[in-house]
Amino acid sequence: MYQRYLPALEMKQRMLLMLQKQAQTHLQALRDEKAAQQATIGEELSMLADEVPLPEAPLQITAVRVTQENLVGVNLPRLDAVEIEHRPIGLLNEAHWVRQLVEHAEATLRRRIAIQVLEQRLALLKAATRTVTQRVNLFSKVMIPTVERQIARIDLYLADQERASVVRAKLAKQKHAMARAQ
């Protein structure tokens, strides 16, 4: 039974490792995008480096929808949508670059939330992989060898019992033949 269950566990382990690698790749891509966007902001909005007080971005996160998806028996979060509300900007009171700043701030917020969800997903995948790896090791290195040794002992005992019964049957047959001869 353990030997039939072990391939399924190993397959689950491989799938979890693959999902973990995909999540790491996606997370790294988002982090790279974040770094590239920061460089772009530095080039396009160089005035942000001045010590002038920055205007508050007129953005407010109204909803973050995260659903749970079951992959390989593990419930993982998946970001469905981020709803961001824009508060009105007084066009005459603000600098000309504020609109561009708001667009970059919104993209940064969305990316930051996506990174948080992916980090949580990756943590869950790592925990599930660790658990499945422990089970695979338990089965392959402890339980299966123990059961195989016990089966070998039982086989040896049964073989000894069979030989003993054959010897008893021969002795009984010889006794019976001697009793008839007399």
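Check the entry above for the structure.
Given the structure is predicted, the values throughout are model-derived calculations rather than measurements. (Residues numbered from 1 in each chain as written. Predicted model: local features only at pLDDT ≥ 70, side-chain atom pairs only at ≥ 80, totals over all residues. Heavy atoms only, no water.)

(A) Focus on the pairing of strand 2 (residues 74-86). As paired elements, strand 1 (residues 59-71) and strand 2 share 12 bridges and run antiparallel to each other. Residue pairing in the sheet places V66 in a bridge with L79 of strand 2. (Pairing = 2+ DSSP bridges. Helix = DSSP H or I, 4+ residues; strand = E, 2+ residues; numbered from the N terminus.)

(B) Fine view of the side chain of H104. Looking at the element boundaries, H104 is found in helix 2 (residues 98-181). Residues in contact with H104, not counting those within four places in the same chain, are Q37, T40, I41, E44 and L45. (Contact = heavy atoms within 4.5 Å.)

(C) Just the packing of helix 1 (residues 2-44) against helix 2, in detail. At a minimum axis separation of 7 Å, helix 1 and helix 2 run at an interaxial angle of 160°. Regarding the angle of helix 1 to helix 2, the classification is roughly antiparallel. Helix 1 and helix 2 meet at a crossing whose hand is left-handed. Across the contact of helix 1 with helix 2, the residue classes tally to 24 nonpolar, 13 polar and 11 charged. (Axes fitted to C-alpha atoms, helices over the stretch in contact; angles between N-to-C directions. Parallel < 35°, antiparallel > 145°, perpendicular 65-115°, else oblique. Left-handed = near helix turned anticlockwise from the far one by under 90°. Nonpolar A, V, L, I, M, F, W, Y, C, P; charged D, E, K, R; others polar.)

(D) Quick peek at the environment of A114. Mapped onto the fold, A114 is located in helix 2. Taking the C-alpha atoms as reference, A114 lies 9.5 Å from A81; in sequence the two are 33 residues apart. Ignoring any residue separated from it by four or fewer positions in sequence, one finds A114 in contact with L30 and L79.

(E) A look at a nonpolar patch on the surface. Residues M11, M15 and M18 make up a contiguous nonpolar surface patch of about 260 Å² in total accessible area. Tracing the backbone through its elements, the reader meets M11 in helix 1. Taking relative accessible area as the criterion, M11 reaches 45% and is therefore assigned partly exposed. (Patch = residues over 30% accessible without salt bridge, like charges linked within 9 Å, V, L, I, M, F, W, Y side chains within 5 Å. Areas by Shrake-Rupley, 256 points an atom, 1.4 Å probe, with all protein chains shown as cover. Salt bridge = Lys/Arg side-chain N within 4 Å of Asp/Glu carboxyl O. Buried < 20%, exposed > 50% of the residue type's maximum accessible area, 1.4 Å probe, protein only.)

(F) Inspection of helix 2 at higher detail. With 84 residues, helix 2 ought to run about 124 Å at 1.5 Å a step, and its terminal C-alpha atoms sit 121 Å apart, in line with that. In the structure, helix 2 departs most strongly from a straight axis at F139, where the bend amounts to approximately 40°. (Expected span 1.5 Å × (residues − 1). Bend = angle between axes of the 7 residues up to and from the residue.)

(G) Structural context of the side chain of R121. Note on placement: R121 falls in helix 2. There is a polar contact of 2.8 Å between the side chain of R121 and the backbone oxygen of P77. (Polar contact = N/O pair within 3.5 Å; in protein donor to acceptor, adjacent residues only side chain to side chain.)

(H) Fine view of the nonpolar core. The biggest cluster of nonpolar side chains holds 19 residues, and the ones touching the most others in it are L16 and L125. Among the elements of the structure, helix 1, strand 2 and helix 2 are those that each provide at least two residues to this core. Among the elements that make up this core, the one with the highest residue count is helix 2 (10 residues). Sequence-distant contacts of L16, that is, excluding residues within four places in its chain, are made with V72, V74, L125, A128, T129 and V132. By size, the runner-up hydrophobic cluster in this structure holds 10 residues, among which are L45, L59, V98 and I113. (Core = buried A, V, L, I, M, F, W, Y, C linked by side-chain atoms within 4.5 Å.)

(I) Fine view of the pattern of salt bridges. This structure, assessed with the given rule, holds eight salt bridges. Put simply, R65 and E83 hold a salt bridge, and the shortest N to O gap is 2.5 Å. Taken together, the positions of R65 in strand 1 and E83 in strand 2 put the pair 18 residues apart, joining distant regions of the chain. Assessed through its relative accessible area of 43%, R65 is described here as partly exposed. The partner of D80 in a salt bridge is R78, with the nearest N and O atoms 3.3 Å apart.

(J) Representation of unusual backbone geometry in the model. One non-glycine residue with positive phi stands out, namely V72, at about 55°. Positionally, V72 belongs in the loop between strand 1 and strand 2.

(K) Spotlight on helix 1. In this model helix 1 runs 62 Å from its N-terminal to its C-terminal C-alpha over 43 residues, within 8% of the 63 Å that 1.5 Å per residue would give. Of all the residues in helix 1, the buried ones are L6, L9, Q13, L16, L19, Q20, A23, L27, L30, Q37 and I41. Against the buried residues of helix 1 lie strand 1, strand 2 and helix 2.

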